[in-house]
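Working through the structure, step by step
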Amino acid sequence: MPVRFLLVEDEKALSAAICQMLKRENFAVDPVYTGTDGFDYAQDPVYDAIILDVMLPGMDGFQVLKKLRQQGIKTPVCMLTARSGLEDRVRGLESGADYYLPKPFQGAELIACLRAITRRKEDAPVMALSFGDVELNQQSASILCTATGQTVKLGGKEYQLMELFMRNPRQILSKETIFDRVWGLDSDADLNSVEVYLSFLRKKLTFIGSGVKIKVSRGMGYSMEENP
Ligand code: CA
């Protein structure tokens, strides 16, 4: 069965363009044009994710999402809107959106967002990743040092960084590569975030007493290594 999306977007031209693009990627998509229809169709468990516009006739996207989540419908949601203000973004995430994509967006951005929010479902149940004396628990988003038994929770970006290094052990990853993989869809961030969050992660590795280090190779990038 192909991955199937529900598209709730009242601008006919944009809806048609998105449908065309998704079909080219071999996704199935059902377009509806009002918030009320969106809410009704979204009850159907056939959908892998919902692409939901904010400004809609009938019910707006925030209301649709809030009502869906109140009913316990957990289908991942990518919200689309012309408004890119932080306040709306926060409101979108708080009302239960998995991703918030400000218009205008590139087709590739939407595809990446949809792949990211649908992957989560496919990956469950998840396995622990490990490197050296560190285990990354994907369910609790924490790291455990098997040598000391100490554990600590990771923030969202710290978790993504740790996962990236664990999936590429001992490989030097450039700052740009790390940024693309972890912050790629978040246009507000800047390259300095990489160092800031790596320093948080280093502190947490030290805190749990692990021998695993994130090494800097000057001018080249960063790699995860274990002390002998
Ligand atoms: Ca609209």
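Check the entry above for the structure.
I will try to describe carefully the structure that is included in this document. (Residues numbered from 1 in each chain as written. Predicted model: local features only at pLDDT ≥ 70, side-chain atom pairs only at ≥ 80, totals over all residues. Heavy atoms only, no water.)

**What to know about unusual backbone geometry**
Put simply, the rule reads: Secondary structure counts use DSSP, requiring at least four H or I residues in a row for a helix and at least two E residues in a row for a strand, with both numbered from the N terminus.
Cis geometry marks the peptide bond from Lys 103 to Pro 104, where omega comes out at -5 degrees. You can see Pro 104 is positioned in the loop between β5 (99-102) and α5 (107-123). Backbone geometry places Arg 170, a non-glycine residue, at a positive phi of 65 degrees. Assignment of secondary structure puts Arg 170 in the loop between α6 (156-167) and α7 (175-183).

**Considering the pattern of salt bridges**
Quick reminder of the rule: Salt bridge, as used here, is a side-chain nitrogen of Lys or Arg placed within 4 Å of a carboxyl oxygen of Asp or Glu. When a residue's accessible area, from a 1.4 Å probe over protein chains only, is under 20% of the maximum for its type it is buried; when over 50% it is exposed; and in between it is partly exposed.
Within the structure shown, the criterion is met by ten salt bridges. A salt bridge links Lys 103 to Asp 53, with the shortest nitrogen-to-oxygen separation between them at 3.2 Å. Here Lys 103 is found in the loop between β5 and α5, whereas its partner Asp 53 is found in strand β3 (residues 49-53), with 50 residues between them in sequence. The buried category is assigned to Lys 103, whose relative accessible area is 16%. For Asp 53, a relative accessible area of 2% corresponds to the buried category.

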